[in-house]
Amino acid sequence: MALVVRVGAARAAWWRDILQSLLPELEVRLWDDPGDKAKVDYAVVWQPPPGGLKTFPNLKVIVSMGAGIDHVLRDPELPGHLPIIRTVGPDLTQRMREYVILHVLRFHRRLPEIEASSAKKEWNQIITPTAPNRSIAVLGLGNMGADCARHLAAIGFEVHGWSRRPKEVQGVTCHHGPAGLRDLLKRAEILVCLLPLTPETTGILNKDLFAQLPQGACVINVGRGQHLVEEDLIPALDSGQLGGATLDVLHVEPAAEDHPFWTHPKILLTPHIASLIDPEAGAKIIAANLKRFMAGEPVPDMVDVAQGY
């Protein structure tokens, strides 16, 4: 039996070697050198090329190297009968929690303005409200979204969360459905997007949504680049409707050198690092899930493909 790994070239050998050590019963191969494809039973992938997975005729399961599976589902030739396992775990959740709290606090304490004043040698003592007087909204209350919302509430923020279906999260006022979204947006001083990417959530961060936020609200997108209608962002920032944006994801990554987001003073781009999976932690999660799958045991991270997450 064999397993094929598809990931960026810089870390491909690292992933292969660690997975091989954890799964000695399998021969772990790289995507670009798969050997006899008919002998490949398992695929561990990030952003597989269209039509690539169907070339392995005896695949039993696909493993996404991340919590999202949109990068797999966008393949128009994806073998629809194959189960998909996503990769989540304490390490990834911790990384996302750290990133979200960091950038919420950055906007809450108006750090961009303080840094701009410091660069001009201005002693600008900005007064901000305390956390209980700041309303934070989290779009998406899955594993990572709910975790971030809980920890923001633990700091003292007034936290609201939104999901498609009703949810309960300790310390968080939860909303759901279209009416719930409208109610949440009107109070969201800092909006964090942690939604899965589905046909319903594609383009959700657009000019109509921005218009429903309080003037000067800030947006943090750590979901997927396709959640944002990119051409709507700069007009909302330049008009003052939005006060700032932090983007860890884009439609096309990495961003082109001439992308306007690089140089806009109210936008901070980070290179898709909010919850970047590393082989040391991620391979242990993947190996454990594959061992359960091979043994015929329930896999907690199995995806509902019909829902897209």
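To be clear, the structure that these remarks concern was listed above.
To keep things clear, this report deals only with the structure shown in the data block. Counting restarts for each chain, with residues numbered from 1 along the sequence as it is written. Reporting of local features is limited, given that this is a predicted model, to residues whose pLDDT is at least 70; pairs of side-chain atoms are given and counted only at 80 or more, and all residues count toward the totals for whole chains, interfaces and linings. Each side-chain value is worked out from all heavy atoms of the structure, with water and hydrogens disregarded.

## A few points about the overall build of the protein chain
Under the scheme used here, helices are H or I runs from DSSP no shorter than 4 residues and strands are E runs no shorter than 2 residues, and both carry numbers assigned from the N terminus. Summing up its helical and strand segments, the protein chain has nine helices and twelve strands in all. Radius of gyration: over C-alpha atoms. The globule rule applied is 2.2 Å multiplied by the number of residues raised to the 0.38 power. Its C-alpha radius of gyration of 21 Å places the protein chain within 12% of the 19 Å reference for a compact globule of 309 residues. In the protein chain, which comprises 309 residues, the share counted as buried stands at 52%. What makes two residues a contact is simply this: any of their non-hydrogen atoms within 4.5 Å. Considering only intrachain contacts with a sequence separation of at least 6, the fraction spanning at least 24 residues in the protein chain is 60%. A residue counts as positive if it is Lys or Arg and as negative if it is Asp or Glu; His and the chain ends are not included. Note on charges: their place is set at NZ of Lys, CZ of Arg, CG of Asp or CD of Glu. Here the protein chain carries 31 positive and 35 negative side-chain charges, and the mean point of each set is 3 Å from the other. Categorising residues by exposure relies on relative accessible area from a 1.4 Å probe, with only protein chains included: less than 20% of the type maximum marks a residue as buried, more than 50% marks it as exposed, and the intermediate range marks it as partly exposed.

## Structural notes on unusual backbone geometry
In this structure, the amide linkage connecting glutamate 253 to the following residue, proline 254, adopts the cis form with an omega of -5°. Tracing the sequence through the fold places proline 254 in the loop between β11 (242-247) and β12 (267-269). Positive phi values are uncommon outside glycine, yet arginine 110 reaches one of about 55°. Within the element layout of this structure, arginine 110 appears in the loop between α3 (90-108) and α4 (111-119). We classify arginine 110 as partly exposed; its relative accessible area is 31%. Positive phi is not limited to glycine here, since lysine 121 has a value of about 60°. Inspection of the secondary structure assignment puts lysine 121 in the loop between α4 and β6 (135-139). Lysine 121 sits in the exposed class, given a relative accessible area of 82%.

## Observations concerning the packing of aromatic side chains
Within 6.5 Å between ring centres, the rings of Phe, Tyr and Trp (the latter by its six-membered ring) count as paired, and their orientation is classed by plane angle as stacked under 30 degrees, edge-to-face over 60, tilted in between. Evaluation of the coordinates by the stated rule reveals two aromatic pairs. For the ring pair tyrosine 42 and phenylalanine 293, a centre distance of 6.5 Å and an interplane angle of 90° mean the geometry is edge-to-face. Highlighted residues: tyrosine 42 in strand β3 (residues 40-45) and phenylalanine 293 in helix α9 (residues 279-294), separated in sequence by 251 residues. Take tyrosine 42: its relative accessible area is 3%, and that puts it in the buried class. For phenylalanine 293, a relative accessible area of 22% corresponds to the partly exposed category. The lysine or arginine in question, lysine 37, covers the ring of phenylalanine 56, its NZ or CZ lying 5.0 Å from the ring centre. Above the plane of the ring of phenylalanine 107 lies arginine 106, whose end atom (NZ or CZ) is 5.4 Å from the centre. Working rule: Lys NZ or Arg CZ, within 6 Å of ring centre, within 35 degrees of ring normal, means a charge sits over the ring.

## With respect to the sheet that holds strand β8 (residues 173-176)
Two strands pair under a simple rule: DSSP has to find at least two bridges between them. With parallel pairing, the seven strands of this open sheet are ordered in space as β8-β7-β6-β9-β10-β11-β12. Looking at which strands have only one partner, the edges of the open sheet turn out to be β8 and β12. Across the sheet, the axes of successive neighbouring strands diverge by a mean angle of 15°, strand direction being ignored. Sheet topology note: the strand β10 (residues 217-221)/β11 ladder contains five bridges and is parallel. Between N-to-C directions, angles span 0 to 180 degrees; the directions come from axes that are lines fitted to C-alpha atoms, helices contributing only their stretch in contact.

## Some details on the packing of α3 against helix α5 (residues 143-155)
Helices that pack against each other are described as a pair by the angle of their axes relative to one another and the distance between those axes. Two elements in contact, α3 and α5, have axes whose closest approach is 9 Å; the angle formed by their N-to-C orientations is 50°. One way to sum up the angle between α3 and α5 is to call them oblique. Classified by chirality, the crossing of α5 by α3 is right-handed. Here Leu92, Thr93, Met96, Arg97, Val100, Ile101 and Val104 of α3 come into contact with α5, specifically with Met144, Asp147, Cys148, His151, Leu152 and Ile155. Under the scheme applied, nonpolar residues are Ala, Val, Leu, Ile, Met, Phe, Trp, Tyr, Cys and Pro; charged residues are Asp, Glu, Lys and Arg; polar residues are all the others, including Gly. Broken down by class, the residue content of the contact of α3 with α5 amounts to nine nonpolar, two polar and two charged. Convention used here: angles under 35 degrees read as roughly parallel, angles over 145 as roughly antiparallel, angles from 65 to 115 as roughly perpendicular, and any remaining angle as oblique. Left-handed describes a crossing whose near helix is turned anticlockwise from the far helix through less than a right angle; right-handed describes the clockwise counterpart.

## Concerning the side chain of histidine 108
Along the chain, the position of histidine 108 falls in helix α3. Taking relative accessible area as the criterion, histidine 108 reaches 4% and is therefore assigned buried. Within 3.5 Å is the distance limit for a polar contact, defined as a pair of N or O atoms, with the added protein rule that one can donate a hydrogen and the other accept it, and that residues adjacent in sequence qualify only through two side-chain atoms. A polar side-chain atom of histidine 108 sits 3.3 Å from the main-chain carbonyl oxygen of proline 129. Not counting chain neighbours up to four residues away, the residues in contact with histidine 108 comprise Thr128, Pro129, Thr130, Ala131, Arg134, Phe157 and Ile190.

Function cannot be inferred from these measures alone, as they are strictly geometric.
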